[in-house]
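# Chains, contacts and geometry: an overview
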Amino acid sequence: MRLAHRAASASPFYAMAVSQRAAELEAAGHSVVRLCLGEPDFGAPQAVRDAMRDAMDGRPLPYTSATGLPALREKIARFYRARHGVEVDPARIIVTSGASAALLLVTAATIDPGDEVILADPSYPCNRELIATFGGRVVAVPTTAQTRFQLDAEAVRGAWTERTAAVMIATPSNPTGTSIPAGELAEICALTRDRGAWRIIDEIYLDLSDPTPHGPARSVLSVDPDAVVINSFSKYFSMTGWRLGWCVLPHTLVPAAERLAMNYFICASTPAQVAAQVCFTDDTIAECDRRRQEFAARRSVVLAGLAEIGLPVTAAPDGAFYAYFDVTATGMDSWKFCERALREAHVALTPGRDFGTHTADSHVRLSYAASRDELREGLARLGRFVRA
Ligand SMILES: Cc1ncc(COP(=O)(O)O)c(C=O)c1O
């Protein structure tokens, strides 16, 4: 028997491997400060937990339709109207098992063998695997602090070939926490649309972004109504383990994506879909916005702490709870830095190699989804480690 090529060649997700190693150290009796995963420590909002308890009243919880519970899709559409000022037909929304399943579905629906997909280096690692799974070619464009480690229109134009089928962007980004300015994103979308390619925009961290002077940061749908948008309950609603997300698709893509969703997943978890409906009440949104402010306070702790240690964050995060810092001055590459920080200081971080090749050796990702106390302790340990 032979392992499929794609399985044999898939890269591990190092953040998960670091987390596993941290768990081993904890099992051996050590206290580890875990700053390696993008997992908010708050847990689901209280109303969602209560709704889940109510859903466990013995009622049957059968499959939903492949696109998700109509009432949940309606509520997501209303959220776009209320928060982002855009009209989204609920028929364009497919509820999925996290953004991960939405990314899989969208990649399956849009990428053929030989198609090229432009994305930033560094960027979210799983996208590269998904593109390769469907025979696509990843065109990873090296980015720098000058563009806040994001693509700009010039970089997209430069990477374009006649095989370009899509541009894939997460804004705010993982691992850097930085966003593309609204005008730049609009320009990238316009040029990509004019050339007949898909715009796949991952907005999983968008509602955690710093507000603009005119209100909350807006979805790309406000400038490109036919963009493919990915979102999730994992981050803004702190529901990582609930495995629930969604995508918004142009009308023309919905029937094909629905057929694939039926075949791949049947549907997302029914109990999670039932409970998630209370995410969109005024009270729950207010709770999540208070959490967003707490993340901003944590960011201040982290940026001040890293500056004091002498680990520069060359592009400050403005949305996702990550700081991407440069370890060059320590004389270690980022792999060694993370390995030793875990072994000697018991601080779990993620090496840049998870996110591409360009900054793989020089940068490390710190997730500030942990509490302020944990962050202070982690920074104190890192300070002692670097000084030693
Ligand atoms: C940019 C980005 N997209 C997608 C995901 C997957 O999220 P989910 O938990 O919704 O599957 C993550 C997870 O960290 C992420 O950072």
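Residues numbered from 1 in each chain as written. Predicted model: local features only at pLDDT ≥ 70, side-chain atom pairs only at ≥ 80, totals over all residues. Heavy atoms only, no water.

### Let's talk about the site of the ligand
For the record, the criterion: Summary of the distance rule: residues count as near a molecule or strand when at least one heavy atom falls within 4 Å of that molecule or strand. Any N or O atom pair separated by 3.5 Å or less is treated as a polar contact, with the protein-specific requirement of one donor-capable and one acceptor-capable atom, and with residues adjacent in sequence counted only for side-chain atom pairs. Note that accessible areas follow from Shrake-Rupley with a 1.4 Å probe, and for residues the cover is restricted to the protein chains shown. Helix numbers and strand numbers start at the N terminus; a helix is a DSSP run of H or I with at least 4 residues, a strand a run of E with at least 2.
Contacts to the ligand come from 13 residues, most closely from A99, S100, D202, Y205 and S232. In the environment of the ligand, an oxygen atom lies 2.6 Å from a nitrogen or oxygen atom belonging to the side chain of Y205. Here an oxygen atom of the ligand sits 2.6 Å away from a polar atom, N or O, in the side chain of S232. Burial of the ligand by the surrounding chains reaches 92%, relative to a free accessible area of 400 Å². When residues in the shell around the ligand are grouped by element, the largest group, four residues, is from helix α5 (residues 98–110).

### Some words on the pattern of salt bridges
Put simply, the test is: Any Lys or Arg side-chain nitrogen located within 4 Å of an Asp or Glu carboxyl oxygen qualifies as a salt bridge. In this scheme, a residue with accessible area under 20% of its type's maximum is buried, one over 50% is exposed, and one in between is partly exposed, where area comes from a 1.4 Å probe on protein chains only.
The full count for this structure, using the stated rule, is 24 salt bridges. Among the salt bridges present, the one from E87 reaches R81, with a minimum N-O distance of 3.0 Å. Overall, the relative accessible area of 42% leaves R81 in the partly exposed class. Here R292 and D289 are joined by a salt bridge, their closest N and O atoms 3.6 Å apart.

### A short note on the environment of I285
Note the following rule: By definition, residues are in contact when any of their heavy atoms lie within 4.5 Å.
Here I285 is to be found in helix α11 (residues 282–309). On the basis of relative accessible area, I285 is assigned to the buried category, the value being 14%. In this structure, the C-alpha to C-alpha distance between I285 and V86, residues 199 residues apart in sequence, is 18 Å. Excluding its chain neighbours within four sequence positions, the residues that come into contact with I285 are F79, R83, Y236, F237, C279 and F280.

### With respect to the sheet that holds strand β12 (residues 363–367)
Applied cut-off: Between any two strands, pairing holds if DSSP finds at least two bridges.
As summarised here, the arrangement of the three strands in space is β9-β12-β11, forming an open sheet in which the pairing is antiparallel. The open sheet has two free edges, formed respectively by β9 (322–326) and β11 (350–351), since each of these has just one partner strand. Pairing of β9 with β12 involves five bridges; the strand directions are antiparallel. Across the sheet, residue D326 finds its bridge partner in β12, namely H363.

### Quick notes on helix α9 (residues 254–265)
Quick note on the threshold: What a helix should span is 1.5 Å times the count of its residues minus one. The arc under discussion is defined with respect to the helix axis, by the directions toward the C-beta atoms.
Relative to the 16 Å expected for 12 residues at 1.5 Å per residue, α9 spans 15 Å between its end C-alpha atoms, a close match to the ideal helical length. Within the sequence span of α9, burial applies to V254, A257 and A261. Buried positions in α9, seen along its axis, are confined to an arc of 65° and lie on one side of it. Residues of α9 that are exposed and point over 90 degrees away from its buried face: R259 and N263. Packed against the buried residues of α9 are β2 (93–96) and α5. At the C-terminal side of α9, I266 shows a positive phi close to 60°.

### Some words on the sheet that holds strand β4 (residues 137–142)
Spelled out, the test is: Lines are fitted to the C-alpha atoms to define the axes, a helix being fitted only along its stretch in contact, and any angle between axes, read from their N-to-C directions, falls within 0 to 180 degrees.
Within the open sheet, the seven strands sit side by side as β2-β8-β7-β6-β5-β3-β4. Their pairing is mixed. Among the strands making up the open sheet, the edge pair consists of β2 and β4. For this sheet, the mean angle separating the axes of adjacent strands, direction not counted, is 20°. Looking at chain direction, β2 and strand β8 (residues 245–248) are connected through four bridges and run antiparallel. Residue pairing across strands places I94 opposite C247, the latter belonging to β8. Along the sheet, helix α4 (residues 70–84) makes contact with β2, β7 (228–232) and β8, crossing β2 at roughly 115°.

### Remarks on the pairing of strand β6 (residues 198–202)
Burial within β6 is extensive, with four of its five residues counted as buried. Examined bridge by bridge, strand β5 (residues 164–170) and β6 share five bridges and lie parallel to one another. Note that in β6 the partner of A170 across the bridge is D202. Strand direction decides the pairing type here: β6 and β7, joined by three bridges, are parallel. Its bridge partner lying in β7, I201 is registered against V229.

### Comments concerning empty space enclosed by the protein
Formally: Site definitions follow a grid-based scheme: protein atoms alone, a 1 Å grid, a 1.4 Å probe that fits but cannot get out for cavities, and for pockets an open set with protein on both sides within 12 Å along at least five of seven lines, plus lining residues having an atom within 4 Å of a point. Grid points are joined across faces, edges and corners, and a volume is the space filled by probe spheres set on the points. In this classification, Asp, Glu, Lys and Arg are treated as charged, Ala, Val, Leu, Ile, Met, Phe, Trp, Tyr, Cys and Pro as nonpolar, and every other residue, Gly included, as polar.
Inspection of the entire model under this criterion finds three cavities of 30 Å³ or more. Volume-wise, the largest cavity comes out at about 130 Å³. Lining the largest cavity are 16 residues; nearest its centre among them are S123, Y124, M168, I169 and A170. Broken down by secondary-structure element, the contributors of at least two residues to the lining of the largest cavity are β3 (116–121) and β5. Sorting elements by how many residues they give to the lining of the largest cavity places β5 first, with three residues. Among the residues forming the lining of the largest cavity, the class breakdown is 10 nonpolar, five polar and one charged. Put simply, the second largest cavity is a space of about 60 Å³. Residue lining of the second largest cavity: L208, D210, R292, F295, A296, R299, G319 and Y368, and that is the complete set. Of the residues belonging to the lining of the second largest cavity, the class tally is four nonpolar, one polar and three charged.

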